[in-house]
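This is what each chain is made of:
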Amino acid sequence: MRFKFLTLALALGLVLGGTACKTMSNRGGASAQANETTTLRVVNQRFLDMNVFVLPQTGARLRLGTATGNSTSTLVIPSSAIFGTSQLRFVADPIGGPGASLSQSILVTPGDQVTLTITP
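Summary of the structure given here.

As for the overall build of the protein chain
Next, step 1: Looking only at helices and strands, one finds one helix and eleven strands in the protein chain.
Next, step 2: In sequence order, the secondary structure elements of the protein chain are arranged as β-β-β-α-β-β-β-β-β-β-β-β.
Next, step 3: Sorting the 120 residues of the protein chain into buried and exposed places 42% on the buried side.
Next, step 4: Residue pairs in contact within the protein chain that sit at least 24 positions apart in sequence constitute 62% of those at least 6 positions apart.
Next, step 5: Accessible surface, the protein chain as shown: approximately 6,200 Å² in total, 55% of it carbon and sulfur.

Quick look at the structure:
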């Protein structure tokens, strides 16, 4: 499984962060990549729960799930949002609070794990 930790900035005081890192997999071929699960690890340091969405390059936003306040959640990015290496953006929308925030575009390939940290 390949891992990516990326730094993303969100508007309105939210910051999503991480470190870029990639390891090589011994598995080869497109079929191995197609069967790998792509995940989003959300470290929510805010008190409010957040609804998390992915914005593929084409199409409407897809809800990934809820990141509970003051905890870490792992959400699956559906394969329908990823076509080879894809540019994705993420939206963090606080439940019971104003102001959804949008991340910068990042490159994601099947099997990646993206870590996002939502700071207070």
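Overview of the nonpolar core
Next, step 1: Ranked by size, the top nonpolar core spans 19 residues in total, and within it Leu 40, Val 42, Val 52, Leu 64, Ile 77, Leu 88 and Phe 90 carry the most contacts.
Next, step 2: Elements represented by at least two residues in this core include exactly strand S4 (38-44), strand S5 (50-55), strand S6 (62-67), strand S7 (71-77), strand S8 (86-94), strand S10 (106-108) and strand S11 (113-118).

Some words on the side chain of Ser 86
Next, step 1: Of note, Ser 86 is situated in strand S8.
Next, step 2: Excluding residues within four positions of it along the chain, Ser 86 makes contact with Ala 81, Ile 106, Leu 107 and Val 108.

With respect to the environment of Gly 111
Next, step 1: Take Gly 111: it is sitting in the loop between S10 and S11.
Next, step 2: Residues Gly 111 and Thr 38 lie 73 residues apart in sequence; the distance between their C-alpha atoms is 4.5 Å.

Re the pairing of S6
Moving residue by residue along a regular strand, the side chains alternate between the two faces of the sheet.
Next, step 1: Pairing of S5 with S6, which is carried by five bridges, proceeds in the antiparallel orientation. Bridge pairing in S6 links Val 54 to Leu 62.
Next, step 2: Linking S5 back to S6 in an antiparallel pair, the connection comprises six residues, with Gly 59 at a positive phi of about 100°.

Focus on the environment of Leu 64
Next, step 1: Mapped onto the elements of the fold, Leu 64 is located in strand S6.
Next, step 2: It is 6.1 Å that separates the C-alpha atoms of Leu 64 and Leu 75, two residues lying eleven residues apart in sequence.

Focus: the packing of aromatic side chains
Next, step 1: Tallied over the full model, the rule gives zero aromatic pairs.
Next, step 2: If you follow Arg 61 out to its NZ or CZ, it ends over the ring of Phe 53, 3.9 Å from the centre.

Cut-offs applied
- Residues numbered from 1 in each chain as written.
- Predicted model: local features only at pLDDT ≥ 70, side-chain atom pairs only at ≥ 80, totals over all residues.
- Heavy atoms only, no water.
- Helix = DSSP H or I, 4+ residues; strand = E, 2+ residues; numbered from the N terminus.
- Buried < 20%, exposed > 50% of the residue type's maximum accessible area, 1.4 Å probe, protein only.
- Contact = heavy atoms within 4.5 Å.
- Areas by Shrake-Rupley, 256 points an atom, 1.4 Å probe, with all protein chains shown as cover.
- Core = buried A, V, L, I, M, F, W, Y, C linked by side-chain atoms within 4.5 Å.
- Pairing = 2+ DSSP bridges.
- Phe/Tyr/Trp six-rings, centres within 6.5 Å; stacked < 30°, edge-to-face > 60°.
- Lys NZ or Arg CZ within 6 Å of the ring centre and 35° of its normal.

Don't take any of this as a statement about function, it's just geometry.
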